[in-house]
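Next come the chains, spelled out residue by residue.
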Amino acid sequence: MAIQAGLVGLPNVGKSTLFNALTKSSIPAENYPFCTIDPHMAITEVPDKRMDLLQQIYNSQKQIPATVQFVDIAGLVKGAASGEGLGNQFLSHIREVDLILHVLRCFEDPDILHSGDTIDPIADYETIISELMLKDLESVQKRLEKLEKQKRGLKPGSAEYKETIAEYDLLQNVLNALNDADASRARELIQQAPVKTIPLLAAKNFLIIANIAENELDNKAYVQNKHYLALVTKFGPDRVIPVCAKIAYELSQLNDEDAAEMMGMLDLDERSLDVIIRTTYQHLGLITFFTCGPKEIHAWPIKKGTNIRSAAGEIHSDLERGFICAEVFNCTDLFEHKSIAKLKELGKVRTEGKDYVVQDGDIVLIRFNV
């Protein structure tokens, strides 16, 4: 499943350091602009405590977790939409991701260069969004010109004519929002539109990664950080994730025992990386179903709303092609009642047809014939 989240930000905000932590990779994270030129990609395991419980119940040999793909995209500068810096590359790489993770610097450090005169994560975010909207303006205007020509050759009242007019009217409204520098309005129009149109950069779903100083981790001192508070006020607490990229990277290089000791010293209940991965997974619209047995517990990521036949195709194309039915129950019921025999006795194990919509935590056994 090629679903990606892209780390985006101005130069020297901690993107590559955070990416290295997320993937335990060794991409250079030097203190100069455009250290990242080509987008680096890596697949990261999604932490899921249910896997351990399932492995105990099934006495499985191993776990295969769900994964999510992260992309580290080159730092953007003002003027990217007109080709400044690595602008065109940057914007094309953003177009390919499904979720944008805006990495914004919220700490002061005179030894680390910053593209602006002062540390201002809101201004940094608006710089990025402005460049995305400028590129979107160009795309919308080109599309409107094409639709204008297209509708002249269509019969008024026809289905194709109505679709063309609907998209044209939508893009006119989007154009007005972009001209007013209202990215939120443009995003709302696109997301609620009953018709399909060109994908817009500024309309992509997003999360905010607030990169804080390491001394602000103690007792959650970051809640007093004016930059972090400004981000929460603007975007809401559910969309802002406080992270110290430096500490996150250091933790990622330690074994489990040493990492647990360091987290205890820092009074951390959970790795910030796990929060990022889990929240990214949710905002990508993904859920997990499981296949379980003595050999392995396998977590499969799918889009929420996927039917069981399509989900079977994620396991193997033969299962989708020859799908007959599926035996389904949910792991929450298994954790409560401890055995599949008890679930069958209680009627919790069901046989579902191809149109059944898979739920998060479902354990499935596919019946097929090819």
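Attention here is on the structure that accompanies the text. (Residues numbered from 1 in each chain as written. Predicted model: local features only at pLDDT ≥ 70, side-chain atom pairs only at ≥ 80, totals over all residues. Heavy atoms only, no water.)

So, the overall build of the chain
Put simply, the rule reads: Numbering of helices and strands runs from the N terminus; a helix is a DSSP stretch of H or I covering at least four residues, while a strand is a stretch of E covering at least two. For each residue, the accessible area found with a 1.4 Å probe, counting protein chains only, is set against the maximum for its type, and the residue is called buried under 20%, exposed over 50%, and partly exposed in between. Whether two residues are in contact is decided by their heavy atoms: any pair within 4.5 Å suffices. Here the Shrake-Rupley method, with its probe set to 1.4 Å, supplies the accessible areas, and only the displayed protein chains count as covering residues.
When its secondary structure is counted, the chain shows 14 helices and 12 strands. Taken over 370 residues, the chain has a buried fraction of 48%. Once local pairs closer than 6 in sequence are excluded, the contacts in the chain between residues at least 24 apart make up 70%. Carbon together with sulfur atoms contributes 48% to the accessible area of the chain, which is approximately 18,700 Å² in total.

Let's talk about the environment of Glu-188
Inspection of the secondary structure assignment puts Glu-188 in helix 6 (residues 183–192). A residue is classified by how much of its surface remains accessible, and Glu-188, at 35% relative accessible area, is partly exposed.

Quick look at the packing of helix 5 (residues 159–179) against helix 6
Defined as follows: Every axis corresponds to a line fitted to the C-alpha atoms, with the helix fit spanning only the stretch in contact, and the corresponding angles, defined between N-to-C directions, vary from 0 to 180 degrees. Between 65 and 115 degrees an angle is taken as roughly perpendicular, under 35 as roughly parallel, over 145 as roughly antiparallel, and anywhere else as oblique. By the definition used in this description, the sense in which the near helix is turned from the far one sets the handedness, with an anticlockwise turn below a right angle giving left-handed and a clockwise turn giving right-handed. Throughout, the ten residues Ala, Val, Leu, Ile, Met, Phe, Trp, Tyr, Cys and Pro are labelled nonpolar, Asp, Glu, Lys and Arg are labelled charged, and all others, Gly among them, are labelled polar.
It is the contact of helix 5 with helix 6, at a shortest axis distance of 8 Å, that shows an interaxial angle of 165°. Put simply, helix 5 runs roughly antiparallel to helix 6. Here the hand of the crossing between helix 5 and helix 6 comes out left-handed. Residue-level contacts link Leu-170, Asn-173, Val-174, Ala-177 and Leu-178 of helix 5 to Arg-185, Ala-186, Leu-189 and Ile-190 of helix 6. When the residues that make up the contact of helix 5 with helix 6 are grouped by side-chain class, the tally is 7 nonpolar, 1 polar and 1 charged.

A word on the environment of Thr-127
With respect to the helices and strands, Thr-127 occurs in helix 4 (residues 121–152). For the pair Thr-127 and Gly-9, spaced 118 residues apart in sequence, the C-alpha separation works out to 9.5 Å.

Re the side chain of Asp-136
We count it as follows: Under this rule, positive means Lys or Arg and negative means Asp or Glu; His and the chain ends count for nothing. Think of a salt bridge as a Lys or Arg side-chain nitrogen and an Asp or Glu carboxyl oxygen that are within 4 Å of each other.
Tracing the sequence through the fold places Asp-136 in helix 4. Look at Asp-136: it is buried, it has no salt bridge, and the nearest opposite charge is Arg-95 at 5.1 Å. Apart from the residues lying within four places of it in its own chain, the contact partners of Asp-136 are Leu-178, Leu-200, Leu-201 and Ala-202.

With respect to the nonpolar core
Going by this rule: What is meant by a nonpolar core is a set of buried Ala, Val, Leu, Ile, Met, Phe, Trp, Tyr and Cys residues, joined one to another through side-chain atoms within 4.5 Å.
One finds Leu-18, Leu-54, Phe-70, Leu-101, Leu-132, Leu-231 and Ile-276 to be the most contacted residues of the largest nonpolar core, which totals 93 residues. Per element, the largest residue contribution to this core is 10 residues, and it comes from helix 4. Membership of the second largest hydrophobic core comes to 15 residues, among which are Ile-308, Ala-311, Ala-312 and Ala-326.

Focus: the pairing of strand 5 (residues 99–105)
Let me state the cut-off plainly: Between any two strands, pairing holds if DSSP finds at least two bridges.
Buried residues dominate strand 5, accounting for 7 of its 7 residues. Side-chain alternation along strand 5 places Leu-99, Leu-101, Val-103 and Arg-105 on one buried face and Ile-100, His-102 and Leu-104 on a second face that is also buried. As defined by bridge partners, strand 1 (residues 4–8) adjoins strand 5 across 4 bridges and the pair is classed as parallel. Paired with Val-8 across the strands is His-102, a residue of strand 5. Relative to strand 6 (residues 205–211), strand 5 is paired through 7 bridges, and the arrangement is parallel. When the bridges of strand 6 are listed, His-102 appears paired with Ile-208.

Description of the packing of aromatic side chains
Condition: Stacked, tilted and edge-to-face pairs are distinguished by plane angle, under 30 degrees for stacked and over 60 for edge-to-face with tilted covering the rest, among Phe, Tyr and Trp rings (Trp via its six-membered ring) whose centres lie within 6.5 Å.
The final tally for this structure, using the stated rule, is 5 aromatic pairs. A centroid spacing of 4.7 Å and a plane angle of 75° characterise the contact between Tyr-125 and Phe-235, whose relative ring orientation is edge-to-face. One end of the pair, Tyr-125, is in helix 4; the other, Phe-235, is in helix 7 (residues 226–235), and 110 residues separate them in sequence. When sorted by exposure, Tyr-125 lands in the same class as Phe-235, which is buried. Taking the centre distance of 6.4 Å and the plane angle of 20° together, the rings of Phe-289 and Trp-300 count as stacked. Taken as a pair, Phe-289 in strand 8 (residues 286–292) and Trp-300 in strand 9 (residues 296–303) lie far apart in primary sequence, 11 residues in all.

A short note on the sheet that holds strand 4 (residues 67–72)
Taken together, 6 strands build an open sheet; the order of strands is 2-4-1-5-6-7 and the sheet is mixed. The two strands at the open ends of the sheet, each matched to only one other strand, are strand 2 (40–45) and strand 7 (240–243). Neighbouring strand axes in the sheet, compared pairwise and without regard to direction, differ in orientation by 25° on average. In the sheet, strand 2 pairs with strand 4 via 6 bridges, with the strands oriented antiparallel. Residue pairing across strands places Glu-45 opposite Thr-67, the latter belonging to strand 4.

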